[in-house]
Amino acid sequence: MDTDFTIAIRMIAASLMLILIIIFVCVPSQMLKNASDDFFLTSYELNYQDYPPKIRKMFLFIIMRAETSFALTAGPLVELNLETASTIIKSAFSYAAAFRSVYSSQ
């Protein structure tokens, strides 16, 4: 039969693993979004007026396409980034605290 201590250790280990999984998914997405934003700023700051008209037109298409940043999403609703990761972790710990208070009051 499991004691309260072993159950607590299992819950802590499971919580840490879930946090690591969330971070491993959200950090690369945040890096992709940052790189996309940097690409837009770099292409916008480029001195494309000095180039021939055909090259200028290509630069304008690149700038127009780079206006929308790339991001990984979880379905069509949620963009994965560090803000999403912190929201998920805050919500999970809030629910855990609520369940603990309900469980301990019985």
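As its UniProt record puts it under Subcellular location (unreviewed entry), the chain is described as follows: "Cell membrane".

A. Highlighting the overall build of the chain. The helix and strand inventory of the chain stands at three helices and two strands. Ordered by position from the N terminus, the helices and strands of the chain form the series α-α-β-β-α. Compactness check: the chain gives a C-alpha radius of gyration of 23 Å against a globular reference of 13 Å for 106 residues, more than 25% above the reference. When burial is assessed residue by residue, the chain has 14% of its 106 residues classed as buried. Excluding contacts between residues fewer than 6 apart, the proportion of contacts in the chain whose partners are at least 24 apart in sequence is 56%. Counting only carbon and sulfur atoms, one obtains 70% of the accessible surface of the chain, whose full area is about 8,800 Å².

B. Quick peek at the layout of surface pockets. Considered as a void within the structure, the largest pocket measures approximately 740 Å³ in volume. Taken together, 20 residues form the lining of the largest pocket, with Met11, Ile12, Ser15, Ala96 and Arg100 sitting closest to its centre. Looking at the lining of the largest pocket, the elements that each hand over two or more residues are α1 (4-45) and α3 (82-105). A breakdown of the residues in the lining of the largest pocket according to their chemical character gives 16 nonpolar, two polar and two charged.

C. Spotlight on the pattern of salt bridges. This structure, assessed with the given rule, holds one salt bridge. Among the ionic pairs, Lys33 bridges to Asp37, the shortest N-O distance being 3.7 Å. Separated by four residues within a single helix, Lys33 and Asp37 lie in helix α1, roughly one turn from each other. Assessed through its relative accessible area of 30%, Asp37 is described here as partly exposed.

D. View of the environment of Glu45. Examined against the element boundaries, Glu45 turns out to sit in helix α1. Separated by 38 residues in sequence, Glu45 and Ile7 place their C-alpha atoms 57 Å apart.

E. Focus on a nonpolar patch on the surface. The grouping of Met17, Leu20, Ile23, Phe24, Val27, Met31 and Leu82 at the surface amounts to a nonpolar patch, some 680 Å² of accessible area in total. Sort the elements by how many residues they give to the nonpolar patch and α1 lands first, with six residues. Take Phe24: it is sitting in helix α1.

F. Seen up close, α1. When the terminal C-alpha atoms of α1 are compared, their 60 Å separation across 42 residues agrees well with the 62 Å that a helix rising 1.5 Å per residue should span. Taken as a whole, α1 has its buried residues at Ile22, Cys26, Ser29, Gln30, Lys33, Ser36 and Ser43.

G. Expanded view of helix α2 (residues 53-66). Over its 14 residues, α2 extends 20 Å from the first C-alpha to the last, a length consistent with the 20 Å expected when each residue adds 1.5 Å. Looking at α2, one finds that the buried residues are Phe59, Ile63 and Ala66. One side of α2 holds all its buried residues, which, seen down the axis, span an arc of 70°. More than 90 degrees from the buried face of α2, the exposed residues found are Pro53, Lys54, Lys57, Phe61 and Met64.

Cut-offs applied
- Residues numbered from 1 in each chain as written.
- Predicted model: local features only at pLDDT ≥ 70, side-chain atom pairs only at ≥ 80, totals over all residues.
- Heavy atoms only, no water.
- UniProt positions renumbered as here; feature names shortened; annotations may be inferred.
- Helix = DSSP H or I, 4+ residues; strand = E, 2+ residues; numbered from the N terminus.
- Rg over C-alpha atoms; globule rule 2.2 N^0.38 Å.
- Buried < 20%, exposed > 50% of the residue type's maximum accessible area, 1.4 Å probe, protein only.
- Contact = heavy atoms within 4.5 Å.
- Areas by Shrake-Rupley, 256 points an atom, 1.4 Å probe, with all protein chains shown as cover.
- 1 Å grid on protein atoms, 1.4 Å probe; cavity = no way out; pocket = protein on both sides within 12 Å on 5 of 7 lines; lining within 4 Å.
- Points joined across faces, edges and corners; volume = space filled by probe spheres on them.
- Nonpolar A, V, L, I, M, F, W, Y, C, P; charged D, E, K, R; others polar.
- Salt bridge = Lys/Arg side-chain N within 4 Å of Asp/Glu carboxyl O.
- Patch = residues over 30% accessible without salt bridge, like charges linked within 9 Å, V, L, I, M, F, W, Y side chains within 5 Å.
- Expected span 1.5 Å × (residues − 1).
- Arc of directions from axis to C-beta.

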